[in-house]
Amino acid sequence: MPKFAPLKNDLILRAAKGQKVERAPIWIMRQAGRYLPEYHEVKGDRDFFQSCQDAEIASTLTIQPIDRFDGLIDAAIIFSDILVIPQAMGFEINMVEGKGPVFADPLRHPDDLAKIDLKPDISKKLDWAYKSITLTREKLNGRVPLLGFVGAPWTLLVYMTEGQGSKMFRFAKQWIFEYPDAAHKLLQATCDACVEFLAQQVVAGAQMLQVFESWAGELGPDDFNTFSLPYLKQIAAKLPKRLKELGVTDEIPLTVFGKGAWYSLDDLCEAGYDCVSLDWTFDPKVARKIVGNRRVTLQGNLDPGVMYGSDQLIEQKVKEMINGFGIQNYIINFGHGTHPFMNPDKIKLFLESCHKYGSE
Ligand code: 1CP
């Protein structure tokens, strides 16, 4: 187990565990990356996945927003991608400029499962990710906690079957509705890989974890309960056991983000997660009512598009959001990631407004 500097800012860990905070902590989904000029400078024309796999580069990219917004941001998230689990399972994926990830040979029929490795050795195949987490944690020197993450099984099934981002989800839907047994086989294998990858990220130094179910909203409530929720629950149930086996703390806060699945909040509060991340379609007060007195911290949920508004509008929206959620049991975030076109100065103003309205 590597030894790291003590944390100087543990706000997010306290908020996640329901402990009292003097200010609501903040981080932003996709806080590193394409909207930052310094990202382009460092990445240059290097391949995206090569950048993730190079610990020196990935750690530099992870820390860029922490440096730029020094003192305004309360967590770093490791520079990587949800698609590294499919890569470990044997998929070849190219990150195409201006288009996103493209799989060379997506799964189109249950027979295709024979072409991939359903039991990849996650501790060996993704060893670069652990090196990058450990180095980033060393470089952070206790400034803020470091978050690790995975894509949830259903979201990864979408990419593994569609082969890229999708509007219609034709192939993913074909898998769950025409080949449900094979779909469950793939979801279970992916789920096992997710648990192991999360656990190994903690061994390497991750201090909090998020599970991204980015395509949750493509499923109706019934199908969400069949193809997403059981695996999200398994992750939350199996992770602490695996962490114990590995001899590391099982007190690591765990967040789930089911984008677009507004109907699932009540169930997600019972799914074993410390935090539930919300997209911007939620009214904060309504979300609080659904949570009731359950010990769940909410995260979210500003529409990232608000960054295109005036300074005054940004401040007003932040104020309303924080008033709606309250300062305790709350982690401020966007309802989804930054866009590549965003002005970093607007993001800074957002963060400053969060400090202004998010303090006791
Ligand atoms: O600061 C950070 O958040 C950086 C780390 C990070 C994370 C947490 C990246 C870097 N990607 C992710 C997660 C991720 N990747 C998700 C879940 C969050 C979400 O819903 O946005 C998803 C769905 C992906 C898949 C993915 N990777 C896409 C979307 C494709 C689509 O249209 O469906 C894209 C464009 C990528 C590439 C990617 N990942 C990360 C960056 C900075 C980039 C852009 C690469 C580049 O061109 O420079």
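Procedures and definitions
Sequence order as written defines residue numbering, which begins from 1 separately in each chain. Local features in this predicted model are restricted to residues of pLDDT 70 or higher, and side-chain atom pairs are both shown and tallied only at a pLDDT of 80 or more, whereas totals for entire chains, interfaces and linings draw on every residue. With hydrogens and water stripped out, all remaining heavy atoms of the structure feed into the side-chain values. Under the scheme used here, helices are H or I runs from DSSP no shorter than 4 residues and strands are E runs no shorter than 2 residues, and both carry numbers assigned from the N terminus. The buried label applies to any residue whose accessible area, calculated with a 1.4 Å probe on protein chains only, is under 20% of its type's maximum; exposed applies above 50%, and partly exposed to all values in between. Residues count as neighbours in contact if any of their non-hydrogen atoms are within 4.5 Å of one another. Each accessible area is a Shrake-Rupley result for a 1.4 Å probe, and residues are judged covered by the shown protein chains and nothing else. Working definition of a nonpolar core: buried Ala, Val, Leu, Ile, Met, Phe, Trp, Tyr and Cys residues. They are joined through side-chain atoms within 4.5 Å. Lines fitted to C-alpha atoms define the axes, with helix axes restricted to the stretch in contact, and inter-axis angles between N-to-C directions lie between 0 and 180 degrees. Each crossing gets its hand from how the near helix is turned against the far one by less than a right angle, where anticlockwise is left-handed and clockwise is right-handed. Under the scheme applied here, ten amino acids are nonpolar (Ala, Val, Leu, Ile, Met, Phe, Trp, Tyr, Cys and Pro), four are charged (Asp, Glu, Lys and Arg), and all others, including Gly, are polar. Any pair of nitrogen or oxygen atoms within 3.5 Å is treated as a polar contact; in protein, a donor-acceptor pairing is required on top of that, and neighbouring residues in sequence qualify only through side-chain atoms on both sides. UniProt positions are given in the numbering used here, feature names are shortened, and annotations may be inferred rather than shown by experiment. Strands qualify as paired when DSSP identifies two bridges or more between them. We call a residue near a molecule or strand whenever a single non-hydrogen atom of that residue lies within 4 Å of it. Both cavities and pockets are sets of points on a 1 Å grid over the protein atoms alone; in a cavity a 1.4 Å probe fits but cannot get out, in a pocket the set is open with protein on both sides within 12 Å along at least five of seven lines, and lining residues sit with an atom within 4 Å of a point. Each molecule is checked against the cavity or pocket grid, and it sits inside if more than half of its atoms lie within 2 Å of the grid points.

Undergrad: I'm lost on the overall build of the protein in this one. Help?
TA: Along the backbone of the protein there are 16 helices and 9 strands. Taken along its principal axes, the extent of the C-alpha atoms in the protein is 55 × 45 × 45 Å. Considering the protein as a whole, with its 360 residues, one finds that 59% of them fall into the buried category. A sequence separation of at least 24 residues applies to 76% of the contacts in the protein between residues at least 6 apart. A total accessible area of about 14800 Å² is found for the protein, and carbon and sulfur atoms account for 50% of it.

Undergrad: Please clarify how the nonpolar core should be interpreted in this entry.
TA: Counting residues in each nonpolar core, the largest one holds 136 residues, and the members touching the most others are Leu-126 and Phe-350. Apart from the residues lying within four places of it in its own chain, the contact partners of Leu-126 are Val-84, Ile-85, Ala-88 and Phe-197.

Undergrad: What should I look at first to understand the environment of Gly-163 in this one?
TA: Looking at where Gly-163 falls in the secondary structure, it is placed in the loop between helix 8 (153-162) and helix 9 (170-178). In this structure Gly-163 comes out as buried when scored by relative accessible area, which is 2%. The spacing of Gly-163 and Val-286 is 123 residues in sequence and 36 Å in space, taken between C-alpha atoms. Once residues lying within four places of it in the same chain are set aside, the contact partners of Gly-163 are Pro-101, Val-102, Phe-103, Pro-106 and Val-158.

Undergrad: Would you take a moment to explain the packing of helix 10 (residues 180-204) against helix 12 (residues 229-245) for this structure?
TA: Helix-helix packing: each pair is described by the crossing angle between the helix axes and the interaxial distance. At a minimum axis separation of 9 Å, helix 10 and helix 12 run at an interaxial angle of 40°. Considering the relative orientation of helix 10 and helix 12, their crossing is right-handed. Along its contact with helix 10, which presents His-184, Leu-187, Gln-188, Cys-191, Asp-192, Cys-194, Val-195, Glu-196, Leu-198, Ala-199, Gln-200 and Val-202, the element helix 12 presents Tyr-231, Gln-234, Ile-235, Lys-238, Leu-239, Arg-242 and Leu-243. The residue inventory of the contact of helix 10 with helix 12, partitioned by class, reads 11 nonpolar, 4 polar and 4 charged.

Undergrad: Looking at this model, I keep getting lost on helix 8. Mind explaining?
TA: It helps to recall that an α-helix has 3.6 residues per turn; residues three or four apart then point in one direction. The buried fraction of helix 8 amounts to 10 of the 10 residues, a majority that puts the element mostly inside the structure. For helix 8, every residue scored as buried is listed here: Pro-153, Trp-154, Thr-155, Leu-156, Leu-157, Val-158, Tyr-159, Met-160, Thr-161 and Glu-162. Just downstream of helix 8, Gly-163 is the residue with a positive phi angle, here 90°.

Undergrad: Could you clarify how one ought to interpret the side chain of Arg-23 in this entry?
TA: Examined against the element boundaries, Arg-23 turns out to sit in the loop between helix 1 (11-16) and helix 2 (37-43). A distance of 3.0 Å separates polar atoms of two side chains, one belonging to Arg-23 and the other to Asp-74. A polar atom in the side chain of Arg-23 sits 3.4 Å from the side chain of His-355.

Undergrad: When you look at the UniProt feature "domain: Uroporphyrinogen decarboxylase (URO-D)" (unreviewed entry) in the protein in this model, what are you seeing that I'm missing?
TA: In the UniProt entry, the feature "domain: Uroporphyrinogen decarboxylase (URO-D)" (unreviewed entry) is given for residues 25-34 and 147-163. Taken as a whole, residues 25-34 contains 0% helix and 0% strand, while its terminal C-alpha atoms sit 23 Å from one another. Across residues 147-163 one finds 59% helix and 29% strand; the C-alpha atoms that close the span lie 27 Å apart.

Undergrad: Explain the sheet that holds strand 7 (residues 275-277) here, please?
TA: Strand-to-strand pairing in sheets goes through backbone hydrogen bonds, with the strands running parallel or antiparallel. Ordered by their spatial adjacency, 7 strands build an open sheet running 1-4-5-6-7-8-9, and the pairing between neighbours is parallel. Sheet topology places strand 1 (76-77) and strand 9 (330-334) at the edges, where each strand pairs with a single neighbour. Strands in contact with helix 15 (residues 311-325) are strand 8 (297-302) and strand 9; relative to strand 8, the strand with the most contacts, it is inclined by about 160°.

Undergrad: How do you make sense of the environment of Asp-250 when you look at a structure like this?
TA: For Asp-250, the location among the structural elements is in the loop between helix 12 and strand 6 (254-258). Exposure remark for Asp-250: the relative accessible area of 26% places this residue in the partly exposed category. The spacing of Asp-250 and His-109 is 141 residues in sequence and 38 Å in space, taken between C-alpha atoms. Setting aside anything within four residues of it in sequence, one finds Asp-250 in contact with Pro-240, Leu-243 and Lys-244.

Undergrad: Which parts of the structure should I look at to understand the site of the ligand?
TA: Inspection of the region around the ligand gives 22 residues, with Tyr-39, Asp-81, Tyr-159, Ser-214 and His-336 positioned closest. Within the backbone of Gln-31, one N or O atom sits 3.1 Å away from an oxygen atom of the ligand. One of the side-chain N or O atoms of Asp-81 is found 2.7 Å from a nitrogen atom in the ligand. Calculation on the ligand without its partners gives an accessible area of 890 Å², and the protein chains cover 89% of this total. Taking a 2 Å distance to the grid points as the criterion, the majority of the atoms of the ligand fall inside the largest pocket. Looking at the shell around the ligand residue by residue, the classes come out as 13 nonpolar, 5 polar and 4 charged.

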